[in-house]
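So you can see what is in the structure, the chains are spelled out below.
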Amino acid sequence: MFRNKRRAGALTALAAAAALVLSGCAVDSGTGGGDGGSEGGSDNLSITFLPKNLGNPYFDTSSGGAEEAIGEFDGTFAEVGPAEATPDSQVSYINTLTQQGVGAIAVSANDPEAICDALNEARDAGVKVVTFDSDTNPECRDVFINQATAEGIAKVQVDLIAEQIGGAGEIAILSASANATNQNAWIEMMEEYLASDFPDITLVETVYGDDDDQTSFDKTAALLQTHPNLKGIISPTTVGIAAAARYLSTSEYKGTVALTGLGTPNQMREYVEDGTVTSFALWNPADLGYLAAFASKALIEGDITGAEGDTFDAGKLGEYTVEADGVVLLGDPFVFDAENIGDFDF
Ligand code: RAM
C-alpha cells in the first residue's frame, strides 16, 4: 500500500502497485528520478520506506523517525508495504518504486535472498538501496543500518531469561517469520551463547508467529501445552512478545512462566505493570528510521557509496561511519523494566 502518512490499512501488493503507478506521488517531480549515480550524486530526495509488513507499531515508529528526518532535509517521505511478512511479498513494491524512479528505498527484508534481484534491478536503474532492521545479502544493497550487533542483541535476551528463571530449566523461542534475516541471526547467536554459558538451560523448541498477532498468540498457547515444564519464553520480535504476554497475562502461567525478548514499551507496559513480564529489551526504532533516512540522503547525494570508512551526517544523532560490509551501527540494546518503562513513549 502507498501513503505519505504513517497510519493506513494494508492493501494487497497488486492493488498497492496499481495505486502507486496511478498516483505517482512518491516521486519528487522535477528532480530527475533515476539519476542516482554516485558520481556527483543526485538531488532526488524521494525516499520510500518498505517495512516487513504494515500494521506493526515497531515499523510505525521507525517510519515516524524517518519522516522526521526527511522533513528536516526537505525530501519526500513515503511508506509502502505488504500486509504479510512473507519472503517475496516486498518484490512488487520494489519493482514499482524502481519504475517510479525514487531516489532511495529503505527496506527491512523478510528474506535475505528473495528480494535481491528486484533490489539489484532498482540499483541498476540508479535507485539507492538501504536495508535497515533486517538485512539482505550484502551484495543486494548499498548499506545496512543495524540496530545493534547480533551478539549484543542475543546476549541481552539470554541474560534476561537466565536471570528470570534462575539459570536452569526449559525455554522456548517464539520468533517472527522463519526466513527473517535479523531474527535468524539473533537465534543462532542465542543458541551458541546458551550452549557455552548456560549448560542448565535447555532450548526445547523454536516456533514462528510470522510477526502476526494471532499466529503468535496461538503459537504461545501451543508451546505451553506441548512443554508442561517450560520455564521461560524468549520472543525476539515486538509482535511475538506482545502476543505472548497477552496470552500469559490471563492464563494460569502468569508469573510462573517467564517471558522476555524484544518489545516496544508502549505494547509491553500493561504486562510489566501487571507482573506478567519483568524486563525486556529493544533499541529506539524511531532513531533507526531516522538514521536510515540520513544514510539514504548521503547515498543519493553521493556523499557516501557504502564503502568502509565513509562518514555522513545524521542530523540530531550526529556523525556515523560506515563499517565493514557496508554496515552502520545505531548503538546498544536497552533494557526496560518497571523502574524505567514510564520514561518511554514508543
Ligand atoms: C518485529 C520485527 C522487526 C524486529 C523487531 C524486534 O517488529 O520482526 O524486524 O526488529 O520485532
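Residues numbered from 1 in each chain as written. Predicted model: local features only at pLDDT ≥ 70, side-chain atom pairs only at ≥ 80, totals over all residues. Heavy atoms only, no water.

> Can you walk me through the site of the ligand in this structure?
The full set close to the ligand counts 16 residues, and Lys52, Asp133, Gln183, Asp211 and Thr238 are the nearest of them. In this structure, an oxygen atom belonging to the ligand sits 2.9 Å away from a side-chain N or O atom of Asn56. Taking Asp133, its side chain carries an N or O atom lying 2.5 Å from an oxygen atom of the ligand. Burial of the ligand by the surrounding chains reaches 100%, relative to a free accessible area of 290 Å². More than half of the atoms of the ligand fall within 2 Å of the grid points belonging to the largest cavity. Listed by contribution, the elements that provide at least two residues to the shell around the ligand are α2 (57-72) and α6 (181-197). Per-element accounting of the shell around the ligand gives the leading share, 3 residues, to α6. Counted by class, the shell around the ligand contains 7 nonpolar, 6 polar and 3 charged residues. Both domains that meet at the shell around the ligand, namely domain 1 (8-147 + 284-331) and domain 2 (150-282), each give it at least three residues. (Near = heavy atom within 4 Å. Polar contact = N/O pair within 3.5 Å; in protein donor to acceptor, adjacent residues only side chain to side chain. Areas by Shrake-Rupley, 256 points an atom, 1.4 Å probe, with all protein chains shown as cover. 1 Å grid on protein atoms, 1.4 Å probe; cavity = no way out; pocket = protein on both sides within 12 Å on 5 of 7 lines; lining within 4 Å. Sits in = over half its atoms within 2 Å of the grid points. Helix = DSSP H or I, 4+ residues; strand = E, 2+ residues; numbered from the N terminus. Nonpolar A, V, L, I, M, F, W, Y, C, P; charged D, E, K, R; others polar. Domains from an automatic or database assignment.)

> Please explain the nonpolar core as it appears in this structure.
Grouped burial of nonpolar side chains is what soluble globular proteins tend to show. Of all hydrophobic cores here, the largest spans 67 residues; its most connected members are Phe49, Ile145, Trp283 and Phe312. No other element matches the 10 residues that helix α10 (residues 285-300) contributes to this core. Structurally, this core is a two-domain feature, drawing no fewer than three residues from each of domain 1 (8-147 + 284-331) and domain 2 (150-282). Look past the residues within four positions of Phe312 in its chain and what remains in contact with it is Leu291, Phe294, Ala295, Ala298, Ile304, Gly318, Glu319, Tyr320, Val322 and Val328. The next biggest cluster of nonpolar side chains, apart from the first, holds 17 residues, and it includes Leu50, Ile105, Ile115 and Ala118. (Core = buried A, V, L, I, M, F, W, Y, C linked by side-chain atoms within 4.5 Å. Buried < 20%, exposed > 50% of the residue type's maximum accessible area, 1.4 Å probe, protein only. Contact = heavy atoms within 4.5 Å.)

> What exactly am I supposed to notice about the confidence of the model for the protein chain here?
As a general rule, the predicted coordinates of low-pLDDT regions are not to be interpreted in detail. Chain-level statistics for the protein chain give a pLDDT mean of 91 and a share of 89% at 70 or above. Every residue in residues 1-38 scores below 50 in pLDDT, and together they form 80 contacts with partners more than four places removed in sequence or on other chains. (pLDDT = per-residue confidence, 0-100.)

> Please explain a negative patch on the surface as it appears in this structure.
On the surface, Glu113, Asp117, Glu121, Asp124 and Glu139 cluster together into a patch of negative charge. Considering the arrangement of structural elements, one finds Glu121 in helix α4 (residues 116-124). With relative accessibility at 49%, the residue Glu121 sits in the partly exposed group. (Patch = residues over 30% accessible without salt bridge, like charges linked within 9 Å, V, L, I, M, F, W, Y side chains within 5 Å. Salt bridge = Lys/Arg side-chain N within 4 Å of Asp/Glu carboxyl O. Lys, Arg positive; Asp, Glu negative; His and termini not counted. Charge placed at Lys NZ, Arg CZ, Asp CG, Glu CD.)

> Mind showing me how you'd approach the sheet that holds strand β10 (residues 258-261) here?
Strand pairing within a sheet occurs via backbone hydrogen bonds; the two strands may be parallel or antiparallel. Taken together, 4 strands build an open sheet; the order of strands is β8-β7-β9-β10 and the sheet is parallel. For this open sheet the edge positions go to β8 (201-208) and β10, each flanked by a neighbour on one side alone. Here the strands of the sheet are splayed against their neighbours by 25° on average, with no regard to which way each runs. With 4 bridges connecting them, strand β9 (residues 230-235) and β10 associate as parallel partners. Looking across to β10, one finds that Ser235 is bridged to Gly261. Lying on the sheet, helix α7 (residues 213-226) is in contact with β7 (169-175), β8 and β9; it crosses β8 at an angle near 145°. Strands in contact with helix α8 (residues 238-249) are β7, β9 and β10; relative to β10, the strand with the most contacts, it is inclined by about 165°. (Pairing = 2+ DSSP bridges. Axes fitted to C-alpha atoms, helices over the stretch in contact; angles between N-to-C directions.)

> Help me understand empty space enclosed by the protein in this model?
To find the voids left in a structure, one rolls a probe of water-molecule size over its atoms. All chains considered together, the criterion is met by 2 cavities of 30 Å³ or more. Of the volumes computed, that of the largest cavity is approximately 100 Å³. For the largest cavity, the lining is made up of 15 residues, of which Tyr58, Asp133, Gln183, Thr237 and Thr238 are closest to its centre. A total of 3 residues in the lining of the largest cavity trace back to one element, the largest contributor, which is α6. Per-domain counts for the lining of the largest cavity show at least three residues from each of domain 1 (8-147 + 284-331) and domain 2 (150-282). (Points joined across faces, edges and corners; volume = space filled by probe spheres on them.)

> I'm lost on helix α9 (residues 265-273) in this one. Help?
Helical periodicity: at 3.6 residues per turn, an α-helix aligns residues three or four positions apart in one direction. What α9 keeps buried is the set Pro265, Met268, Arg269, Tyr271 and Val272. Contacts made by the buried residues of α9 are with α8, β11 (279-282) and β15 (334-337). After α9 finishes, the residue Gly275 shows a positive phi value of roughly 85°.

> Would you mind showing me how to read the pattern of salt bridges here?
Counted by the stated rule, this structure contains 6 salt bridges. Two residues, Lys297 and Glu301, come together in a salt bridge whose shortest N-O distance is 3.1 Å.

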